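Close look at the chain arrangement
As a plain string of letters, each chain reads:
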Amino acid sequence: MIECPSCGRRQQPRLTCESCGAPLGADLDCFAAFALPRKLTIDSSALERAYHDLSRRIHPDRFAQSSARARDASLRSTALLTRSYRTLRDPVSRGLYWLELHGQKLAENNKAVPPDLATLVFEVQEELEELREARGADVQKLRERTLSRRALLEQKMATLQGDLAANFKRWDDGGEQAALTAELKSVLSRIAYLRTLIRDLDRELENLKAA
Amino acid sequence: MSRILGIDLGTTNSLIAMMDNGVPRVIADPETGEALLESVVAIAPDGAVHVGRAAIELEPHLSREKDGRVSAVGFPGGEYGAVVRSVKRYMGLGGNEVAPEEQSRYTFADLSGPVVRFQIGKRAFTPPQISAEILAALKRRAERALGEPVERVVITVPAYFNDGQRQATKDAGRLAGLEVVRLVNEPTAASLAYGLNKMAEGNVAVYDLGGGTFDISILSIKEGVFEVLATNGDTHLGGDDIDHALVDWMLAELPDQVRSDRHVWNSARLVAEDAKKRLSEAGNVDLVLELPGYTIRKSLTRDQLEKFAQPLIKRSLDRCELALKDAQLRPAEVAAVVLVGGATRMPLVRRRVAELFGREPLCSLNPDEVVALGAAVQAGVLMGTQGDMLLLDVVPLSLGIETMGGVMERLIHRNTTIPTSVTENFTTAVDNQTHVDIHVLQGERELANDCRSLARFKLGPIEAQPAGLPRIAVTFLIDANGILNVSARDERTGREHSIDVKPSYGLTDEEIERMLEEAIDLGEQDLEQRLLIVARNDAEQILGALRKQLGEFADLIEPGECARLQAEAERLDAARKTSDRDLISKLVEELNELSTPFAGRIMDHAIKQALEKKSVEEVS
């Protein structure tokens, strides 16, 4: 039980006071911050609306003239809400957070390359090496190859995002936990790899532009 | 409760504004009718201070006398008194961060310390002290115009200001006898001012090129919520730099010694600034600079000026592209572009910004006033008179800590919405280690050495335990001002840890207190104001300490005592928002007395615990 710093009402920890609506400054998990059920499928525009709506009510701007305790609670609750929004808004960080809630995490540093991506990773690294060393007319040609490679990677990423959404749905439908955890880990680790690859590509393309 | 005003503390000009029946309005000087106050401060050898136009007249420069001779006039600096312009460029800077070409511009007292110090007369002045004079002048102006005391303000800062620069701005407010209720980012403030005019909803880019700083912010505006998506900038890029390039060009043929003379340099700067302004309208202008026995005549076309400005504007546009990338937007997805800052009057700036975003920028509000107007709107939000408007701003630079091997580990990424917090667990590396040193950094580079050192602090004392066993959770919280607050908790005992934070740059609380004391002889009214602030600080301190103790040592409270303490604390909390210093001081004393028995029990408890621990150690 915690006490509302604004009206003194004692209650279970939640974002805002059940009696006066002021922020309580309680420590909550990301779903509880939004008073959402623990479901992985989230409507992003509804989440944004809730974020704006709650921010409007608990933001420190609303408590500039209140007591030090109320201001402090507003600051902590808003920091929590912001963090929760950022975590839940992006499906990948939401998935990672879900693993954390279930006492799991991706393998340390995510070092083992997923087997089906190994060849791809190798090919991309080689292409980038060639791009780095290219001179003269080759540069343009290899740059275009890199651009079309990038488009392919984006496509693959879209597929993986679809896989992620499907996995989320199976969790929400009450699927078998061990299998879903393994699948979630595998999809997230693939996405992490693809993100790194795309970032590497972008970095090379930027360097090319700067040169 | 007193009204909150909005202040734009600019590099070149400063303004103060207020909400007037739901409309923001700049408060002009009641005597002169001027809205802009030049951010120039002159300090005479005897300590007398002039701000604004009066200070500009005292800047070292060359003047033609009646007999036709050209002579050097004004305060040349150092022991003869000095005039400081663009002090904002020095806010939050360590001595070693002053650029070499700027070192000859003023007489610095010491460039090795954590704060820049200008040597003026017999005293050394820090940038917050000089900025405080500008703030105090605005405060006096508003008090004369409104006929009521001005105590609480919102001050704007460049969005790209780091933690130290923000802290320095807050310090300046405190030194001017003002409570800084909130720091607001300048581009965001500008968007609020435009937003009041019912700007189209959607994504908006604010391009803010002032005298000394550049900011770009990309916002999403939806139903009164102004959410900053990304911000970028350069706190040392502005219209000043164009003037300086022109000065170098004008004085190129002169020997070094003449060129670096402050009278010559400043006169040239005035000529350059004037030429730049005239070229916003004209196609070419003549520049005349009279030196003793020598006259420099040059002609400058707009094309030439644009060649000087080109590289600087390119730098700003690169920053815009980075901000767009962070916001994950293409230029075409930006629905409106707003221009802010005097330097955006240059036609070249307008052209290049229009090219980048593919649309004509908006500049219907005066670019010199729009930030102050926005500060007033935010003051209205804080007073609760601005309905449903809400600003969600971001932290401009990543925050992290130094880890093994001098690597920067990011804990809070740039462009994260504030307020935000992150908690990190720390432990010990060797057995019986009593302290953990933490080095907090700000910046985007991989190596700690390449980032800006923000603060160092020591966690502890930690109970003697085997390595890796202690678990100390450190929370890094960035508040709505974009300023870092650190707290630590022992995860085992749940006890709050005291942290001794040593800021790498800037002033310590003790230094500010000392400056306030030093300034006390400045006048009766100032004295009253400053004493009030001291009393309020005392109140805040005792309230904070009591709140912490009530939470931590709830089991040491006697029946009924808690309610009595809380009632008294509430009275003090209410009183400290008034200007009744005697009442605040009286209640601080009463609360102190009332809480003495409780404090005594806490002390006994601590001693008992220490003894118990000792006897256990002796046995084992």
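Thresholds, definitions, all that
Residues numbered from 1 in each chain as written. Chains lettered and ligands numbered in written order. Predicted model: local features only at pLDDT ≥ 70, side-chain atom pairs only at ≥ 80, totals over all residues. Helix = DSSP H or I, 4+ residues; strand = E, 2+ residues; numbered from the N terminus. Rg over C-alpha atoms; globule rule 2.2 N^0.38 Å. Buried ≥ 20, exposed ≤ 12 C-beta atoms within 10 Å, placed from the backbone. Contact = placed C-beta atoms within 7 Å. Pairing = 2+ DSSP bridges. Axes fitted to C-alpha atoms, helices over the stretch in contact; angles between N-to-C directions. Domains from an automatic or database assignment. pLDDT = per-residue confidence, 0-100. Expected span 1.5 Å × (residues − 1). Arc of directions from axis to C-beta. Nonpolar A, V, L, I, M, F, W, Y, C, P; charged D, E, K, R; others polar.

Within chain A one finds 7 helices and 2 strands. For chain A, the C-alpha radius of gyration of 23 Å lies well beyond 17 Å, the compact-globule estimate for 211 residues. In terms of overall dimensions, chain A has a C-alpha envelope of 70 × 45 × 30 Å along the principal axes. Split into buried and exposed, the 211 residues of chain A put 27% on the buried side.

Next up on the list: the overall build of chain B. Helix and strand content of chain B: 15 helices and 32 strands. Computed over its C-alpha atoms, the radius of gyration of chain B comes to 27 Å, within 12% of the 25 Å expected for a compact globule of 620 residues. Principal axes of the C-alpha set define a box for chain B whose edges measure 90 × 55 × 50 Å. With 620 residues in all, chain B has 44% of them scored as buried. Relative to all contacts within chain B whose residues are 6 or more apart in sequence, the contacts with residues 24 or more apart total 68%.

It is worth spelling out the sheet that holds strand 12 (residues 123–125) of chain B at this point. As a general point, the strands of a sheet are linked pairwise by backbone hydrogen bonds and lie either parallel or antiparallel. Residues and elements named next belong to chain B. Spatial ordering of the open sheet is given by 10-11-12, a layout of 3 strands whose pairing is antiparallel. Of all strands in the sheet, those with a lone pairing partner are strand 10 (108–110) and strand 12, marking the two edges. With strand direction ignored, the average angle separating the axes of adjacent strands in the sheet is 50°. Pairing between strand 11 (residues 117–120) and strand 12: 3 bridges, direction antiparallel. The residue of strand 12 that forms the bridge with glutamine 119 is alanine 124.

Note on interface size: it is often stated as the accessible area lost on association of the parts. Partitioning chain A into structural domains gives domain 1 (2–89) and domain 2 (108–210). Relative to domain 2 of chain A, the C-alpha centre of domain 1 of chain A lies at a distance of 36 Å.

Before going further, it helps to spend a moment on the sheet that holds strand 29 (residues 472–478) of chain B. Read from one edge to the other, the open sheet built from 4 strands follows the order 26-29-30-31 (chain B), with strand pairing classed as antiparallel. Each edge of the sheet is formed by a strand with only one pairing partner; in this case those strands are strand 26 (420–426) and strand 31 (496–497) of chain B. Inspection of the sheet shows strand 26 of chain B paired to strand 29 of chain B by 7 bridges, in the antiparallel sense. Its bridge partner lying in strand 29 of chain B, valine 422 of chain B is registered against phenylalanine 476 of chain B. On the sheet, helix 3 (residues 68–89) of chain A packs against strand 26 and strand 29 of chain B and is oriented at approximately 85° with respect to strand 26 of chain B.

Moving on: the confidence of the model for chain B. All names here are of chain B. Across chain B, the average pLDDT comes to 88, with 94% of residues at 70 or higher. Below a pLDDT of 50 lies the segment residues 520–525, which in the model reaches 2 contacts outside its immediate sequence neighbourhood of four places, other chains included. Taken over the whole predicted complex, pTM reads 0.83, whereas the ipTM for its chain interfaces reads 0.89.

All names here are of chain B. Most of strand 14 (residues 179–185) is tucked away, with 6 of its 7 residues classed as buried. The pairing of strand 13 (residues 152–157) with strand 14 spans 6 bridges and is classified as parallel. The partner of arginine 152 across the bridge, within strand 14, is glutamate 179.

As a further point, take the domain arrangement of chain B. All names here are of chain B. As far as domains go, chain B holds domain 1 (4–237 + 309–392), domain 2 (239–308), domain 3 (397–511) and domain 4 (523–607). Its C-alpha centre places domain 1 at a distance of 31 Å from the equivalent point of domain 3. Tallying the contact residues gives 20 residues for domain 1 and 15 residues for domain 3. Listed by contribution, the elements that provide at least two residues to the side of domain 1 that touches domain 3 are helix 3 (163–175), strand 14 and strand 17 (225–234). The element that contributes the greatest number of residues to the side of domain 1 that touches domain 3 is helix 3, accounting for 6 residues.

Per-residue confidence for chain A averages 91 on the pLDDT scale, and 98% of its residues sit at or above 70. Taking the mean pLDDT of every element in chain A, the minimum, 85, falls on helix 5 (residues 115–133) of chain A and the maximum, 97, on helix 1 (residues 30–33) of chain A.

Residues and elements named next belong to chain B. The end-to-end C-alpha separation of helix 13 (residues 561–575) is 21 Å, in line with the 21 Å expected for 15 residues at 1.5 Å each. Ala569, Leu572 and Ala575 are the residues of helix 13 that are buried. Along the axis of helix 13, the buried residues cluster in a sector spanning 120°; they form a single face. Those residues of helix 13 that are exposed and angled more than 90 degrees off the buried face are Ala563, Ala567 and Ala574.

Each side of the interface is counted separately: chain A has 16 residues, and chain B has 22 residues. Within the residue set of the side of chain A that touches chain B, elements represented by two or more residues are helix 2 (44–58) and helix 3 of chain A. A per-element tally of the side of chain A that touches chain B places helix 3 of chain A first, with 7 residues. Looking at side-chain class alone, the side of chain A that touches chain B contains 5 nonpolar, 7 polar and 4 charged residues.

Residue and element names in this part refer to chain B. Along the chain, alanine 464 turns up in the loop between strand 28 (452–459) and strand 29. Alanine 464 sits in the partly exposed class, given 14 other C-beta atoms within 10 Å. Here the alpha-carbon distance between alanine 464 and isoleucine 155, two residues 309 residues apart in the chain, equals 46 Å. In this structure alanine 464 touches Asn432 and Thr434, once residues within four positions along its chain are discounted.

The next subject is helix 5 (residues 239–250) of chain B. All names here are of chain B. Compared with an ideal rise of 1.5 Å per residue, which puts 12 residues at 16 Å, helix 5 spans 17 Å between its outermost C-alpha atoms and is within 8% of the ideal. Among the residues making up helix 5, those that are buried are Gly239, Asp240, Asp241, Ile242, Asp243, Leu246, Val247 and Met250. Those residues of helix 5 that are buried lie in contact with strand 15 (202–209), helix 7 (262–278), strand 18 (284–291), strand 19 (294–301) and helix 8 (302–327).

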